[in-house]
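Observations on the model geometry
These are the residues of each chain, in order.
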Amino acid sequence: MRVFLVLLGLLFTQTISAQVIIQGKVVDVMSRKPLSGAKVQLDKQEGIAQTGADGSFNISNVEPGYHTVSVTLDGYESESSAELLFTYDKSPYITLELQSLSSGVGEVNIRKTTIQKREAESPVSSQKLSIREIERNPGGNRDISKIIQSLPGVISIPGFRNDVVIRGGAPSENKFYLDGIEIPIINHFQTQGSTGGPVGLLNVNFIKEVNFYTGAFPVNYANGLSSVLDFRQMDGNSNKAKYRFTLGSSDVGFTADGPIGKKTTYIFSARQSYLQGLFSVLGLPFLPNFIDYQAKVKVKLNDKDDISFLMVGAVDFFRLNLKVNDNITDSVQLKSNKYILGYLPVYRQWNYTFGTVYTHYGTQSKTQYFLSRNMLNNTSYKYRNNDESTEDNRIFTYKSIEEENKFRVENSRSINRWKLLAGAGVEYVQFGVDNKAKILVPGAPGTPGSIKNIAFESQLNLAKYSGFLRAYRNVMGSGTISFAGRLDGNSYNKTMQNVLNQPTASVSASLPTAVKGLFFNANVGQFTQLPSYTILGYRNAAGDLDNQDRVKYIRNRMVAAGLQYNKVKDTRITLEGFYKQYANYPLALNDSICLGNLGTDFAVVGNEPVSSVCDGRAYGMEFLIQRRSRSGLYGILAYTLSWSEFSDKNGNAVKSAWDSRHTVSLVGGMKMKRNWEIGAKFRLATGRPYSPFDVQRSLVKANWDVTGVALNDYSKLNTLRLGTFSQLDVRVDKVWYFKKSSLNLYMDIQNFLNKEYLGAPTLIAAQDGAGNLITDPNATVPSYKAEYLVNSTGFLQPSIGVIFDF
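We now turn to the structure provided with this report. Here the structure is a predicted model, which means the values were calculated and not measured.

**Digging into helix H5 (residues 331–343)**
It helps to recall that an α-helix has 3.6 residues per turn; residues three or four apart then point in one direction. Here H5 contains 13 residues, and its C-alpha end-to-end distance of 19 Å stays within 8% of the 18 Å for a straight helix at 1.5 Å per residue. Residues of H5 that are buried: Lys-335, Asn-337, Tyr-339, Ile-340 and Leu-341. Between the side-chain oxygen of the N-cap and the backbone nitrogen of Val-332 there are 3.3 Å, and the N-cap of H5 in question is Asp-330.

**With respect to the pattern of salt bridges**
It is possible for side chains of opposite charge to pair when their charged atoms get near one another. One pass over the structure, following the stated rule, counts 36 salt bridges. Taking the shortest distance from any N to any O, the salt bridge between Lys-335 and Glu-787 comes out at 2.6 Å. In this pair, Lys-335 sits in helix H5 while Glu-787 sits in strand S46 (residues 786–789), placing the two residues 452 residues apart along the sequence. Judged on exposure class, the residue Lys-335 and its partner Glu-787 are both buried. Note that Glu-403 and Arg-373 form a salt bridge whose closest N and O atoms lie 2.6 Å from each other. Taken together, the residues Glu-403 in strand S26 (residues 394–415) and Arg-373 in strand S25 (residues 365–383) connect sequence positions 30 residues apart. Shared partners join several salt bridges into a network, and the residues in it are Glu-83, Arg-132, Arg-136, Glu-677, Arg-731 and Asp-733.

**Comments concerning the packing of aromatic side chains**
Under the counting rule described, the total for this entry stands at 27 aromatic pairs. On the basis of an interplanar angle of 75 degrees and a centroid distance of 6.1 Å, the ring pair of Phe-189 and Phe-318 is categorised as edge-to-face. With Phe-189 in the loop between strand S15 (187–188) and strand S16 (199–200) and Phe-318 in strand S23 (residues 305–320), the pair connects residues that are 129 residues apart, well separated along the chain. Classification of Phe-189 as buried rests on a relative accessible area of 2%.

**Quick word on the sheet that holds strand S13 (residues 174–178)**
With mixed pairing, the five strands of this open sheet are ordered in space as S10-S17-S18-S13-S14. Whereas interior strands pair on both sides, the edge strands pair on one side only; in this sheet they are strand S10 (126–130) and strand S14 (181–182). Of the pairings in the sheet, the one linking S13 to S14 comprises two bridges and is antiparallel in character. By the bridge assignment, Leu-178 is partnered in S14 with Ile-181.

**Observations concerning the environment of Ser-389**
For Ser-389, the location among the structural elements is in the loop between S25 and S26. You can call Ser-389 exposed: its relative accessible area is 62%. The spacing of Ser-389 and Val-664 is 275 residues in sequence and 51 Å in space, taken between C-alpha atoms. A polar side-chain atom of Ser-389 sits 2.6 Å from a polar atom in the side chain of Asp-387.

**Some thoughts on the environment of Val-164**
Note that Val-164 resides in the loop between strand S11 (154–155) and strand S12 (165–166). Residues Val-164 and Gln-192, 28 residues apart in the sequence, show an inter-C-alpha distance of 15 Å. When near neighbours in sequence (up to four residues on either side) are disregarded, Val-164 contacts Ser-145, Ile-148, Pro-171 and Asn-174.

About the thresholds
- Residues numbered from 1 in each chain as written.
- Predicted model: local features only at pLDDT ≥ 70, side-chain atom pairs only at ≥ 80, totals over all residues.
- Heavy atoms only, no water.
- Helix = DSSP H or I, 4+ residues; strand = E, 2+ residues; numbered from the N terminus.
- Expected span 1.5 Å × (residues − 1).
- Buried < 20%, exposed > 50% of the residue type's maximum accessible area, 1.4 Å probe, protein only.
- Polar contact = N/O pair within 3.5 Å; in protein donor to acceptor, adjacent residues only side chain to side chain.
- Salt bridge = Lys/Arg side-chain N within 4 Å of Asp/Glu carboxyl O.
- Phe/Tyr/Trp six-rings, centres within 6.5 Å; stacked < 30°, edge-to-face > 60°.
- Pairing = 2+ DSSP bridges.
- Contact = heavy atoms within 4.5 Å.

Pasting the structure below:
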């Protein structure tokens, strides 16, 4: 303890009083011509600096910390940088691109802050998160998937996974882009056929800002039905090499960035989890581990051309702690561990995305070429009682590979008062699966069903193609109107080959009202999504693609409208309503459940016979107050009221698994003197529906010995509802800035009030004192006795983190 106090004393004595210098350049967004005479502001303070003849600017005597640089120039729209971190020895070079007002297009609210701007194509159902909001989010552990749960429309799901459920849609309805390159996977241990997982994969050290769309999706970003997340990465330091070391609650990481010559910069990171050792010490029955990496290299070829190379990838391991019950005497803990060990598989998963973005600036246009490849390798297996000594015990083996090769070109230009974006894309997909399993085939009502051995290998080659066009312009002074269309097709079946069968269309408007600073925003559109490759590649016993004649693109017709008020400084206030109507959602034919209800566990989604016959709808309203302030109070208050339904096997509308009626999120922070910062996050969500167990069928020995878990009674689909969830997280940060380094220590306390949340009771096969399963002597079919375990989550979870820049 004495040594620790001495070190703290040294840190305090080594802080210095020097100031930060911020440098940058202002250019025309199309011609790339340097713009002189532009007024430069720091955090909206007037009279800070002015650009010279070469468009450059220099801001001196700046305190270290997070800052935003803004620029105004007559004849151009104003522009602001993302909120960036500046220290004594690490100040990113800023290039601000201004749009000429002569074209009459661009982002509206010309004199407003970045937080208040409304994109012409997505004036409604869109949010922005800055790096500060990401880094400082209490309970977020610097994990993007956890942090966006603070935004309107996002349902809070208790537990340790990062499943993103938005506006009543399934987790599989979300799509992710990194600097314009699609990245199918953003979580470790991701559920194949969906998007969730327990730990985020992206390193926030790279992220400059996040654009989050829950409707009015950008036309060049395909396949989203509930959300599109557009991550924008920063460039490497152009002055000198810098390094960052991070130690969090689950991993240790290292980041390096700097120049390679005069025209090239790089940024690279790697992280290693220590969860396997931590979980072993805590006595948990599963031991996860992961490694991930991320990199970006940008080359400025000349004033008109640049090229970027990026990559992101991960390797995930998941094994069972078979010795977890050694020295355990608590009977409830023994039963819980044995149950978990009985159904969890062992698996290994790895994935990567490599991408290249080439940008060329014409006289009044910009052309971008996107080339990428991504791959997922997913392997899992399970043996009865985890005894691998004989193949007779094998319950399943699953091996799958997904490969996508993509090329897309986009051209944006101004014609008179319109700004246009046109583009096209092609993809070549290879999907392979080797599946051997014992599956449960449902029987007639009141009967236990039967066990069937399946074994199939499938190789699917798929060509995908698309074209898109967007046009928008200013109207009524500071308003905009936008039109967008997209056509998608692929070679899977005749219906999907015809691009006219699954069109995307979107119309948006942002119009000023009679109240100063109040805008009416709206969007109406149709959006489509290709079913997962697990569905498309499933084959029957004859080796045929079993779902080929039964599946279509999933369709979502959406209307969203609301008001935005901009008169409060550094604050965004919105009120929105939305209505989504689904069609062609896949129905699992074996279990007779719409796949729109699934996706929040570790099982593969869609590897079975399905038919695109389900409909659904989701509707509700959202309220948001978002405030950014470098000094003083900042935060987000979000409230969502929503309903969600999908049809059952009889075509009747039934509450979906995402029908959480009320969701409240309040995130706030305060910047204090001496670089202290304190923040808190409170979440409250009313319970979601769930289906009861089919107790008799679940405990039939032939069934339980294969599944290891209880079976739901989908004839009573989502007729029960969980209780209300709430949680308070707290975070305290202290930063020391030195001449050549900085140190950020933080304490993050999840579930500060130590509040327990009770989920649905867990049905298990009863066990005796020795852990043997107990036979039910009164059952008409050989069965086990029933027993229920309390399913509780939530405990006080403090952690300490270190971020060291040098």
